Amino acid sequence: MMPNNNQSDESKNSSKDMDMPTNEDGRESPESSESDELASSSEGELFGKRRRVGTPVSSPFKTPPGSPFKMPMTIPSPSPPQWISLEELMTVSNGVTNMALAHEIAVDNDFQLQKYMPPENSLEKQVKDTVHRAFWDALREELAEELPTFQHAINLLGEVKEMLVSILLPQHSRLRAQINEVLDLDLITQEAEHGVFDVKRCARFVIDTMGRLCAPVRDQDIETLREVDNVVDMFKEIFRVLELMKMDMANFTIQSMRPTIQQHSVEYERKKFQEFIDKQPNALEVTKTWLYQASEEVKSSQLPSGSPEGAAAAADRPFTSMDVLGHAYIMLLKWEENKPFPETVLMDQGRLAEIGVKCRQITLIASILLITHNVVGAALAGLQGFSEKLKGTLGVLLGDMQESSFNLEEALKNISEQVCKEVDECLETRGFPRLDEKRRDILKAQVQTAANPDNYIHNLITSRVYGFIQSVITAPNPASQAKVPGGLTGMKIELFEVTARVLRIVRHNNAVFGPYYSDIINGLLPAANGPSE
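Here the structure is a predicted model, which means the values were calculated and not measured.

Asks: How do you make sense of the overall build of the protein chain when you look at a structure like this?
Replies: Along the protein chain, the regular secondary structure elements total 18 helices and 2 strands. By the burial criterion, 46% of the 533 residues in the protein chain qualify as buried. Considering only residue pairs separated by 6 or more positions, the protein chain has 77% of its internal contacts joining residues 24 or more positions apart. Only carbon and sulfur atoms are counted for the fraction: they give 52% of the accessible area of the protein chain, which is about 28300 Å².

The structure is reproduced here in structure tokens:
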């Protein structure tokens, strides 16, 4: 049988038993575009890591000193080691995988299944290439025999038939009957035994059928396939294009079913997560620590300045559960890489990390723009074109901030030189003299220290960026909070984009896990706000 390693498990799961609407000619309907201000990036991860079978399951969680958790939300001490069976492990793993897939479809409007390709030079790729090469060589040798048996070719046609049938829709009854008639393996076997089997005739029928079923994007692949004359190369291309067609089918089905999936994903994810908790009683420990730390930070930020009036004002404005949860979500954008991530947002960890990098880019670009205008002065006042050009340059120079090899200090040195160059060009264009040596040195120094922890401008812009995002995600009507903070007008579009992405994640996450958060935070608020008088 033909080795079939090209399709990921996700694509198999998603394409199984899926009905997809098509046009009257049997083609897939074009994908509908969705406009949603909450569009998010791609890439999500599975909820948890698999544990080795037969090893005890214990928790590394330790209750923070002075934790105010009380019943019914008391944080238990680490449970004794529990042994997990293979059946339980597979049940939990499958449930989490399905939950993660539903979550990706619901949260990421651009989510698509992709063909799995093993890494270059990996052992997996070497084994795969060797096995496939051996198979095609065997087929080539078989067809070169004086009296070929066509056994390999018949097996291939059987797999091709299964793949064609798998992408048919219920209304394709006539085409289904035609496939079963032309690719009747029993009849083909008899033809091969009597030496009258025409393998190219069957291959051409397969190609014509693929042309009727494929999406328009695959038309060129079909035309190229028609030009292949060698039987072995023809079958290789048939399998390649069929795999692409199956992926197209799965992704179209996901796109067409996304509204339905989004409608039911909240209930489905909560159900699967509860099943996970039933297997792992301590599954919310990191989440509890995360919310506890958020409540402590919110409490600290509201401490009075020391005056009696400040103390009275602080007592009159006890913080709410929304204050805690809003701040907790902001904490995720600044999360340390090696720190355990809360269980309830683990599937969004990659997205939140990406958004966090984007927030830092916005903050740094806005800071440098503000520094540049402050140092140069009135000569740049009102020059929207200059700010846009400089913003684009900074975006390119800071575009690799998410890479571990990115050197921010070195990048800021290069940026300081580029900023001075663009300022000089702008000044000369407007008839002003170039920057003098003293002002140039000041501008370079301030740009190079723009990301320092003690830089006032950077800290101010940072607080405004995260403050704006928090005000939007905690507001009953987010549109009412759309006023851009001072110093961020030039980054308005980018700020709105990241805020919309965070809002989409927060809304879905809170809809799924809101009851868990409510129980945890309600146990925190009385202690965090202090004893009542």
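That covers the picture; the talk isn't over yet.
Asks: When you look at the environment of Glu336 in this model, what are you seeing that I'm missing?
Replies: Looking at the secondary structure, you find Glu336 in the loop between helix H12 (321–333) and helix H13 (349–376). Sequence separation between Glu336 and Ala353 is 17 residues, and the spatial gap between their C-alpha atoms is 9.5 Å.

Asks: Explain helix H15 (residues 408–429) here, please?
Replies: What sets the pattern is the α-helix's 3.6 residues per turn: residues three or four places apart point alike. Relative to the 32 Å expected for 22 residues at 1.5 Å per residue, H15 spans 31 Å between its end C-alpha atoms, a close match to the ideal helical length. Buried residues in H15 make contact with H13, helix H14 (384–397) and helix H16 (437–448). The N-cap of H15, judged by a side-chain oxygen 3.2 Å from the amide nitrogen of Glu409 a few residues on, is Asn407.

Asks: Honestly, the packing of aromatic side chains in this entry has me stumped. Any pointers?
Replies: To describe a pair of aromatic rings, one takes the distance between the centres and the angle between the planes. Taken as a whole and judged by the stated rule, the model has 13 aromatic pairs. Pairing Phe150 with Phe197 gives two aromatic rings, centres 5.1 Å apart and planes at 85°, and the pair type is edge-to-face. A residue pair is termed long-range when its members are at least 10 positions apart, and Phe150 in the loop between helix H3 (123–144) and helix H4 (151–166) and Phe197 in the loop between helix H6 (185–193) and helix H7 (199–213) qualify at 47 residues. Each of the two residues, Phe150 as well as Phe197, counts as buried. Ring centres 4.8 Å apart and planes at 80° place the aromatic pair Phe273 and Phe513 in the edge-to-face group.

Asks: Help me out: how do you make sense of the environment of Pro515 in this one?
Replies: Position of Pro515 relative to the elements: it lies in helix H18 (residues 492–529). Residue classification places Pro515 among the partly exposed positions, given a relative accessible area of 39%. Along the sequence, Pro515 and Arg270 sit 245 residues apart, while their C-alpha atoms lie 9.7 Å from each other.

Asks: What should I look at first to understand H14 in this one?
Replies: An ideal rise of 1.5 Å per residue puts 20 Å on 14 residues; H14 measures up with 20 Å between its terminal C-alpha atoms. Residues of H14 that are buried: Phe386, Ser387, Leu390, Lys391, Thr393 and Leu394. The arc that holds the buried residues of H14, viewed along the axis, is 165°, so those residues lie on one side. Opposite the buried face of H14, by more than 90 degrees, sit the exposed residues Gly385 and Val396.

Asks: Looking at this model, I keep getting lost on the pattern of salt bridges. Mind explaining?
Replies: Two side chains that carry opposite charge are able to pair once their charged atoms sit near each other. Counted according to the given criterion, the structure contains 19 salt bridges. With its nearest N and O atoms 4.0 Å apart, the salt bridge here joins Lys125 to Glu120. A relative accessible area of 17% means that Lys125 is categorised as buried. Relative accessible area serves as the criterion here: at 60%, Glu120 is assigned to the exposed category. Lys272 is the partner of Glu275 in a salt bridge, and the nearest nitrogen-oxygen pair spans 3.7 Å. In this pair, Glu275 and Lys272 both sit in helix H9 (residues 231–279), 3 residues apart, roughly one turn of the helix. Residue class for Glu275 comes out partly exposed when judged on its relative accessible area of 34%. The buried category is assigned to Lys272, whose relative accessible area is 19%. In this structure, a network of salt bridges that share partners links the residues Arg218, Asp221, Glu237, Arg240 and Asp248.

Asks: Sorry if this is basic, but what is going on with unusual backbone geometry here?
Replies: For residues that are not glycine, phi is negative in most cases, and the peptide bond is trans in most cases. Notably, Asn121 is not glycine yet its phi reads approximately 65°, a positive angle. If you trace the backbone, Asn121 turns up in the loop between helix H2 (86–107) and H3. Located in the positive-phi region is Phe150, a residue other than glycine, with phi close to 60°.

How each quantity is defined
- Residues numbered from 1 in each chain as written.
- Predicted model: local features only at pLDDT ≥ 70, side-chain atom pairs only at ≥ 80, totals over all residues.
- Heavy atoms only, no water.
- Helix = DSSP H or I, 4+ residues; strand = E, 2+ residues; numbered from the N terminus.
- Buried < 20%, exposed > 50% of the residue type's maximum accessible area, 1.4 Å probe, protein only.
- Contact = heavy atoms within 4.5 Å.
- Areas by Shrake-Rupley, 256 points an atom, 1.4 Å probe, with all protein chains shown as cover.
- Expected span 1.5 Å × (residues − 1).
- Polar contact = N/O pair within 3.5 Å; in protein donor to acceptor, adjacent residues only side chain to side chain.
- Phe/Tyr/Trp six-rings, centres within 6.5 Å; stacked < 30°, edge-to-face > 60°.
- Arc of directions from axis to C-beta.
- Salt bridge = Lys/Arg side-chain N within 4 Å of Asp/Glu carboxyl O.

Don't take any of this as a statement about function, it's just geometry.
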